[in-house]
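Chain by chain, the residues:
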Amino acid sequence: MLSATTAAHPLSGLGWDEDRAAAFHPLAEAGLLPGRITRIDRGRCDVLFVDPETGEPSTLRADTRPVTGADTVHNPCTGDWVAVDPAARPLPALTSVLSRTTAIIRKGAHKRSEGQVLAANIDTVLIAVSLAAEPDLGRIERLLALAWESGAEPLIVLTKSDLVHDGEFVRADVEAVAPGVTVLTVSAETGDGMDALRALATGSCALIGQSGAGKSTLTNALAGVHTMAVQQVRSVDEKGRHTTTTRELVPLPGGGAVIDTPGLRGVGLFGGEGIDLAFADIDEISAGCRYDDCSHRTEPACAVRAALADGTLPERRWESYLSLQRENAWIASRTDARLRAERARHHKSRTKAARSTFRP
């Protein structure tokens, strides 16, 4: 029987700790095995676990359907710690998903309000931005809000520095829209800046960004092996194709792991706290307004309007902030409406059941 303790546990480098071991203890007594999902596709997943016979890390294929439901946010995803029933047939099956410490959640790529989990239980979100094309500062702000909302620490990685001569100037522009966030300039091809990235990318990391940003190349460089396939970007617009089609967790040789994710075309937010953290400079400026409930429109002594007037706060950044706030308010209203509808359906079904019970 596999012990769920952390003493010399082979998966401790991937984040297995005393808290998770304590939470898993009753499941271990039931004969279940702890493991971490490394990949999901078509109702199946790969789980990294410790083989009870050899005591060594191994991978098994498991059925995700027993823990998959209508609520997409709580469905298993890459990075989740799970309980596996190895005796299930026709193949091992997940029986539960352990509580997450962090999760990158974006609004689903459709008009409904459900969230989509990109990666779970990560310590650092690596936001990959290619220097081969002019960075979109608004998109970087959006990715930062997404990263902050996850509960993990964001780190911006400006890739392909070997293709440009003004990387440091671009980094200064990016740092201006990323208060309190480290911005690195790296080249996976030449190795420039990779030592600094390895020193900061400890624990479990997730790479997010557009296609062509070099995420898979970074994953290979961090792992020290050619794990992920890579493709060339189009020279006409420096855009890439979706080389990575699913989220995959790759263990790193020195401990920890990196989760490579498919390129994000749309980055819909699924929460508001990340916006406040991504725009911490605006929050600091607004603290100087005369009124605590200042709308920053017509009130006297408005610090935000003063900052806009003297250029301390760029108009572009202010408009980006307002846009994300409006979007978040819309998502919140849609989510509330969906929850109200679900409660109404539940109440209707219970009422119908009660009537049938007492019907003469």
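Residues numbered from 1 in each chain as written. Predicted model: local features only at pLDDT ≥ 70, side-chain atom pairs only at ≥ 80, totals over all residues. Heavy atoms only, no water.

## Concerning the overall build of the chain
- Looking only at helices and strands, one finds nine helices and 13 strands in the chain.
- The proportion of buried residues among the 360 residues of the chain is 46%. (Helix = DSSP H or I, 4+ residues; strand = E, 2+ residues; numbered from the N terminus. Buried < 20%, exposed > 50% of the residue type's maximum accessible area, 1.4 Å probe, protein only.)

## Side note on the nonpolar core
- Ranked by size, the top nonpolar core spans 58 residues in total, and within it Ile104, Ile122, Val125, Ile127, Leu144, Ile156 and Ile208 carry the most contacts.
- Looking at which element gives the most residues to this core, the answer is helix α2 (residues 137–150), with seven residues.
- When neighbours within four sequence positions are excluded, Ile104 is seen to be in contact with Gln116, Val117, Leu118, Ala119, Ile122, Val125, Leu146, Ser150, Ala206 and Ile208.
- The next biggest cluster of nonpolar side chains, apart from the first, holds 19 residues, and it includes Leu126, Leu184, Leu218 and Ala223. (Core = buried A, V, L, I, M, F, W, Y, C linked by side-chain atoms within 4.5 Å. Contact = heavy atoms within 4.5 Å.)

## Describing helix α5 (residues 215–223)
- Of all nine residues in α5, eight are buried, a share of seventy percent or more.
- For α5, the complete set of buried residues consists of Lys215, Ser216, Leu218, Thr219, Asn220, Ala221, Leu222 and Ala223.
- Looking at the buried positions of α5, the neighbouring elements they touch are β8 (124–130), β9 (153–159), α4 (194–200), β11 (204–208), β12 (248–251) and β13 (257–260).
- One or two residues past the end of α5 sits Gly224, with phi positive at roughly 80°.

## Looking at the pattern of salt bridges
- Counting across every chain of the model gives 13 salt bridges.
- The shortest N-O distance in the salt bridge between Glu141 and Arg316 comes to 2.6 Å. Of this pair, Glu141 sits in helix α2 while Arg316 sits in helix α9 (residues 315–358), and the two are 175 residues apart along the sequence.
- Among the ionic pairs, Arg317 bridges to Glu141, the shortest N-O distance being 2.7 Å. Of this pair, Arg317 sits in helix α9 while Glu141 sits in helix α2; the two residues are 176 residues apart in sequence, bridging distant segments of the chain. For the pair Arg317 and Glu141, a shared accessibility class is recorded, and that class is buried. (Salt bridge = Lys/Arg side-chain N within 4 Å of Asp/Glu carboxyl O.)

## Quick word on unusual backbone geometry
- In this model, Arg89 is joined to Pro90 through a cis peptide bond whose omega is 15°.
- If you trace the backbone, Pro90 turns up in the loop between β4 (81–85) and β5 (93–97).

## Comments concerning the packing of aromatic side chains
- Within the structure shown, the criterion is met by four aromatic pairs.
- Ring centres of Trp16 and Trp81 lie 5.2 Å apart, and the angle between their planes is 55°; this geometry places the pair in the tilted category. Taken together, the residues Trp16 in the segment before α1 (18–29) and Trp81 in strand β4 connect sequence positions 65 residues apart. You'll find Trp16 and Trp81 in the same group, each marked buried.
- Taken together, Trp16, Phe24 and Trp81 form an aromatic cluster joined through their ring pairs. (Phe/Tyr/Trp six-rings, centres within 6.5 Å; stacked < 30°, edge-to-face > 60°.)

## Some words on the confidence of the model for the chain
- With 82% of its residues at a pLDDT of 70 or more, the chain has an overall mean of 85.
- Contacts for the low-pLDDT stretch residues 1–6, under 50 throughout, to residues beyond four places or in other chains number 18 contacts.
- Scored below 50 in pLDDT, residues 232–238 shows nine contacts in the model against residues more than four places distant or in partner chains. (pLDDT = per-residue confidence, 0-100.)

## Some words on a negative patch on the surface
- A surface patch of like charges, here negative, comprises Glu273, Asp276, Asp283 and Glu284.
- Listing elements by their share of the negative patch, those giving two or more residues are α6 (273–278) and α7 (280–286).
- Topologically, Asp276 is positioned in helix α6. (Patch = residues over 30% accessible without salt bridge, like charges linked within 9 Å, V, L, I, M, F, W, Y side chains within 5 Å. Areas by Shrake-Rupley, 256 points an atom, 1.4 Å probe, with all protein chains shown as cover. Lys, Arg positive; Asp, Glu negative; His and termini not counted. Charge placed at Lys NZ, Arg CZ, Asp CG, Glu CD.)

## Things to note about the pairing of β9
- With six of its seven residues buried, β9 lies for the most part within the structure.
- As paired strands, β8 and β9 are joined by seven bridges and run parallel to one another. Looking at β9, one finds that Thr124 is bridged to Glu153.
- You can see the chain leave β8, run along α2 and come back into β9, and the turn it takes is right-handed.
- Alignment of β9 against strand β10 (residues 183–185), held across three bridges, turns out to be parallel. Pairing of Leu158 across the sheet is with Thr185, part of β10.
- Regarding the hand of the β-α-β motif, the stretch spanning β9, helix α3 (residues 167–176) and β10 is right-handed. (Pairing = 2+ DSSP bridges. Right-handed = clockwise from strand over helix to strand, strands pointing away.)

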